[in-house]
Amino acid sequence: MKPFRYEHADDVSGAIAMLARAPRGAFLAGGTNLVDLMKLEVATPDVLVDVRHLTSDRIEELADGGLRIGAAVPNSDLAANRAVRRRYPVLSEAVLAGASGQLRNVATTAGNLLQRTRCVYFQDVTTPCNKREPGSGCSAREGFHRELAILGWSEQCIATHPSDMAVAMVALDAVVLTQGANGPRRIPLTELHRLPGQQPERDTVLEHGELITAVDLPPLAFATRSRFRKVRDRASYAFALVSVAAALDVADGVVRDVRVALGGVAHKPWRATRAEAALRGAPATERSFVDAAAAELADARPLPGNAFKVPVARGAIVRTLLDLLEVQR
Ligand SMILES: Cc1cc2nc3c(=O)[nH]c(=O)nc-3n(C[C@H](O)[C@H](O)[C@H](O)COP(=O)(O)OP(=O)(O)OC[C@H]3O[C@@H](n4cnc5c(N)ncnc54)[C@H](O)[C@@H]3O)c2cc1C
Ligand code: SF4
């Protein structure tokens, strides 16, 4: 591990000012991803500014009926929160599908959103990787890419975003609150993470030194009927090959409203807007679910090692929606 300085600030603006003076510095929360990457020398910040105690670790009611999740809320507390479990079960299920109990006790909301890809070449400094070292090449294209993207990838990078929690939050239209040198911002979670394009080194639209302070969940009555499904190599302690977060609202046998997002398929949590558009107003039947899943995956560009993800994603969408339909009967 490269030497680094460890700093505390008294408040949020102090932490932001510290990083403004340290172009190679980073915020530290639970450290469960960042410290691992530092040990591998994938991340080499010269200053760590500890922000864990600067942002809220509480979940609060919002006046509009939604919830505000502080950036420092541990993943365990989020999954166990009574209001989250009752009003947004998909989020609780997604968090519990990730990592382990010990890790979830330490990992935070903001850190979870900003965890980096698990592409094996990104984590191995002896191999070319455009995300780690722009312009060096992408080892995964001709190498091991079984776990990597089938949608929205570029010639520069085919990595996937690893967070399960983010997939549920994208389905719920969550909004990220930040503070930075240019003041506060509210960023829809669907716009926080980027597709790789020509700049795979940038995972998100955040500026250097922009601090996530909270995540807002808007009210969504039918999210009480929502589910998370994760397809992975082992039943626990494994990242998603494909995941689905969905909520379904059916009246008189017709889909009144629906939310679908996919994980493990792209550089960002993938909101399945085509599937949603195909489903709104359609009969709530397996046929409609199959057609919607096919519409979403129509533009998939699998590579030889991950072509299996296309039928797996289609099947996971259909199965999750059928489960939700069953709940409504
Ligand atoms: C063995 C193992 C298995 C795992 N399995 C899964 C899994 O199946 N599914 C899953 O989703 N995750 C999994 N994880 C990842 C885990 O969820 C993340 O490591 C964790 O959520 C990161 O949170 P943290 O608070 O520890 O972040 P840190 O490691 O402290 O930080 C992560 C990043 O966020 C930045 N950051 C932190 N807080 C802020 C803030 N407030 N504002 C701006 N930037 C900030 C840091 O600078 C850093 O870049 C696994 C991790 C391990 C080690
Ligand atoms: S897929 Fe992205 S992260 Fe993986 S080796 Fe290629 S450039 Fe690096």
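Anything mentioned here points back to the structure above.
A few points on the structure. All figures in this text were calculated on a predicted structure; none of them were measured in a lab.

What follows is about the overall build of the protein chain. When its secondary structure is counted, the protein chain shows 13 helices and twelve strands. In terms of C-alpha radius of gyration, the protein chain reaches 20 Å, essentially the compact-globule figure of 20 Å for 329 residues. Along the longest, intermediate and shortest principal axes, the C-alpha atoms of the protein chain span 60 × 50 × 35 Å. For the protein chain, buried positions account for 55% of its 329 residues. In the form shown here, the protein chain has an accessible surface area of approximately 14400 Å², with 51% of it arising from carbon and sulfur atoms. With 41 positive and 37 negative side-chain charges, the protein chain shows a separation of 3 Å between the mean positions of the two kinds.

In this section: the sheet that holds strand E9 (residues 226-231). Judged by pairing direction, the sheet is antiparallel, and its four strands sit side by side in the order E9-E10-E11-E12 without closing on themselves. Whereas interior strands pair on both sides, the edge strands pair on one side only; in this sheet they are E9 and strand E12 (270-271). Of the strand pairs in this sheet, E9 and strand E10 (residues 242-251) are connected by six bridges, and their pairing is antiparallel. Paired with Arg227 across the two strands is Ala246, which belongs to E10. On the sheet, helix H5 (residues 89-96) packs against E9 and E10 and is oriented at approximately 25° with respect to E9. Across the sheet, helix H9 (residues 164-171) touches E9, E10, strand E11 (254-263) and E12, and the angle it forms with E11 is around 150°.

Time to look at the packing of H5 against H9. Running from N to C, H5 and H9 cross one another at 165°; their axes reach a closest spacing of 7 Å. Here H5 is positioned roughly antiparallel relative to H9, judged by the angle of their axes. Between H5 and H9 the crossing geometry is right-handed. Between H5 and H9, the contacting residues are Val90, Leu91, Ala94 and Val95 on the first element and Asp164, Met165, Ala168 and Met169 on the second. Here the residues of the contact of H5 with H9 sort into seven nonpolar, no polar and one charged.

Turning to the pattern of salt bridges, a few remarks are in order. All chains considered together, the criterion is met by 23 salt bridges. The salt bridge involving Asp299 is made with Arg274; its shortest N-O contact spans 2.6 Å. With Asp299 in the loop between helix H12 (286-297) and helix H13 (309-328) and Arg274 in helix H11 (residues 273-279), this pair connects stretches of sequence that are 25 residues apart. One network of salt bridges, in which partners are shared, links Asp173, Asp257, Arg259, Arg271, Glu276 and Arg280.

Once that is clear, we can look at the packing of aromatic side chains. Under the criterion given, the structure shown has zero aromatic pairs. Arg301 extends its terminal NZ or CZ atom over the ring of Trp153, reaching a point 3.9 Å from the ring centre.

With that out of the way, let us pick up the site of ligand 2. In the vicinity of ligand 2 there are 13 residues, among which Cys119, Cys129, Cys138, Cys157 and Ile158 approach most closely. Along the lines of polarity and charge, the residues of the shell around ligand 2 split into nine nonpolar, three polar and one charged.

Here the focus is the pairing of strand E8 (residues 211-217). For E8, a buried count of seven out of seven residues is recorded, marking the element as mostly surrounded by other parts of the structure. Both strand E5 (residues 67-70) and E8 contribute to a ladder of four bridges, which runs antiparallel. Residue pairing in the sheet places Ile69 in a bridge with Val215 of E8. Relative to E8, strand E6 (residues 175-180) runs antiparallel, the two sharing five bridges. When the bridges of E8 are listed, Gln179 appears paired with Leu211.

Glancing now at the site of ligand 1. Taken together, 30 residues form the shell around ligand 1, and within it Phe27, Gly31, Thr32, Thr108 and Asp164 come nearest. A distance of 2.7 Å is found between an oxygen atom of ligand 1 and a backbone nitrogen or oxygen belonging to Gly31. The backbone of Leu34 places a nitrogen or oxygen atom 2.8 Å from an oxygen atom of ligand 1. Protein chains shield 91% of the accessible area of ligand 1, which is 980 Å² for the free molecule. Among the elements of the structure, helix H2 (34-39), helix H7 (109-113) and E8 are those that each provide at least two residues to the shell around ligand 1. If you tally residues by element for the shell around ligand 1, the top one is H7, at three residues.

Parameters and conventions
- Residues numbered from 1 in each chain as written.
- Chains lettered and ligands numbered in written order.
- Predicted model: local features only at pLDDT ≥ 70, side-chain atom pairs only at ≥ 80, totals over all residues.
- Heavy atoms only, no water.
- Helix = DSSP H or I, 4+ residues; strand = E, 2+ residues; numbered from the N terminus.
- Rg over C-alpha atoms; globule rule 2.2 N^0.38 Å.
- Buried < 20%, exposed > 50% of the residue type's maximum accessible area, 1.4 Å probe, protein only.
- Areas by Shrake-Rupley, 256 points an atom, 1.4 Å probe, with all protein chains shown as cover.
- Lys, Arg positive; Asp, Glu negative; His and termini not counted.
- Charge placed at Lys NZ, Arg CZ, Asp CG, Glu CD.
- Pairing = 2+ DSSP bridges.
- Contact = heavy atoms within 4.5 Å.
- Axes fitted to C-alpha atoms, helices over the stretch in contact; angles between N-to-C directions.
- Parallel < 35°, antiparallel > 145°, perpendicular 65-115°, else oblique.
- Left-handed = near helix turned anticlockwise from the far one by under 90°.
- Nonpolar A, V, L, I, M, F, W, Y, C, P; charged D, E, K, R; others polar.
- Salt bridge = Lys/Arg side-chain N within 4 Å of Asp/Glu carboxyl O.
- Phe/Tyr/Trp six-rings, centres within 6.5 Å; stacked < 30°, edge-to-face > 60°.
- Lys NZ or Arg CZ within 6 Å of the ring centre and 35° of its normal.
- Near = heavy atom within 4 Å.
- Polar contact = N/O pair within 3.5 Å; in protein donor to acceptor, adjacent residues only side chain to side chain.

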